[in-house]
Amino acid sequence: MPHFIAECTDNIREQANLPELFSKVNSALAGTGIFPLGGIRSRAIWLDTWQMADGKHDYAFVHMTLKIGSGRSLEDRQKNR
């Protein structure tokens, strides 16, 4: 089953509009036909503590990860690139 994870700094919570992003990601994953619909999951991890190397506090970031469970052939994983 695929898991889409967005790790975001809390200072962009309102601008991020993650429900819309998750809807698009879930539709795209479902459209591949290789994942059971009930197994597709998207979630956010909001970070309330972070620091950039230069020490400035007004920066933000989003780190996105897509994890796919074993059992999908290389051919399936490379479809719709």
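Cut-offs and rules
Residues numbered from 1 in each chain as written. Predicted model: local features only at pLDDT ≥ 70, side-chain atom pairs only at ≥ 80, totals over all residues. Heavy atoms only, no water. Core = buried A, V, L, I, M, F, W, Y, C linked by side-chain atoms within 4.5 Å. Buried < 20%, exposed > 50% of the residue type's maximum accessible area, 1.4 Å probe, protein only. Helix = DSSP H or I, 4+ residues; strand = E, 2+ residues; numbered from the N terminus. Contact = heavy atoms within 4.5 Å. Phe/Tyr/Trp six-rings, centres within 6.5 Å; stacked < 30°, edge-to-face > 60°. Pairing = 2+ DSSP bridges. pLDDT = per-residue confidence, 0-100.

*Asks:* Which parts of the structure should I look at to understand the nonpolar core?
*Replies:* Nonpolar side chains tend to gather and get buried jointly when the protein is soluble and globular. Of all hydrophobic cores here, the largest spans 11 residues; its members are Phe 4, Ala 6, Cys 8, Ile 12, Leu 18, Phe 22, Val 25, Leu 29, Ile 34, Phe 35 and Ile 40. Secondary-structure elements contributing two or more residues to this core are strand S1 (2-9) and helix H2 (18-31). Here this core takes 4 residues from H2, the largest share from any one element. Ignoring any residue separated from it by four or fewer positions in sequence, one finds Leu 18 in contact with Ala 6, Cys 8, Ala 44 and Trp 46.

*Asks:* Which parts of the structure should I look at to understand the environment of Gly 39?
*Replies:* One can find Gly 39 in the loop between H2 and strand S2 (41-47). Ignoring any residue separated from it by four or fewer positions in sequence, one finds Gly 39 in contact with Met 1 and Pro 2.

*Asks:* Help me understand the packing of aromatic side chains in this model?
*Replies:* The description of two aromatic rings rests on the distance between their centres and on the angle between their planes. Following the criterion strictly, the structure yields 1 aromatic pair and no others. Both rings, one in Phe 4 and one in Phe 22, keep their centres 6.0 Å apart while their planes meet at 80°; by these two values the pair is edge-to-face. Of this pair, Phe 4 sits in strand S1 while Phe 22 sits in helix H2; the two residues are 18 residues apart in sequence, bridging distant segments of the chain. In terms of burial, Phe 4 and Phe 22 fall into one category: buried.

*Asks:* How should I be thinking about the pairing of S1 in this particular structure?
*Replies:* Along any regular strand, the residues point their side chains to alternate faces of the sheet. Across the 8 residues of S1, 7 count as buried, placing the element largely inside the fold. In this sheet, strand S3 (residues 62-68) lies alongside S1 in antiparallel orientation, the contact comprising 7 bridges. Note on S3: the bridge partner recorded for Ala 6 is Met 64. Strand direction decides the pairing type here: S1 and S2, joined by 7 bridges, are parallel. If you follow Phe 4 over to S2, its bridge partner there is Ser 42.

*Asks:* I would appreciate a short explanation of the confidence of the model for the protein in the present structure.
*Replies:* Fine structural detail should not be taken from predicted coordinates in areas where pLDDT scores are low. Per-residue confidence for the protein gives a mean pLDDT of 90, with 96% of residues at or over 70. The least confident element of the protein, judged by mean pLDDT, is helix H3 (residues 74-78) at 74; the most confident is S2 at 97.

*Asks:* What should I look at first to understand unusual backbone geometry in this one?
*Replies:* Glycine aside, the phi torsion of most residues is negative, and most peptide linkages are trans. Despite not being glycine, Asn 17 shows a phi value in the positive range, around 50°. Mapping Asn 17 onto the fold places it in the loop between helix H1 (13-16) and H2.

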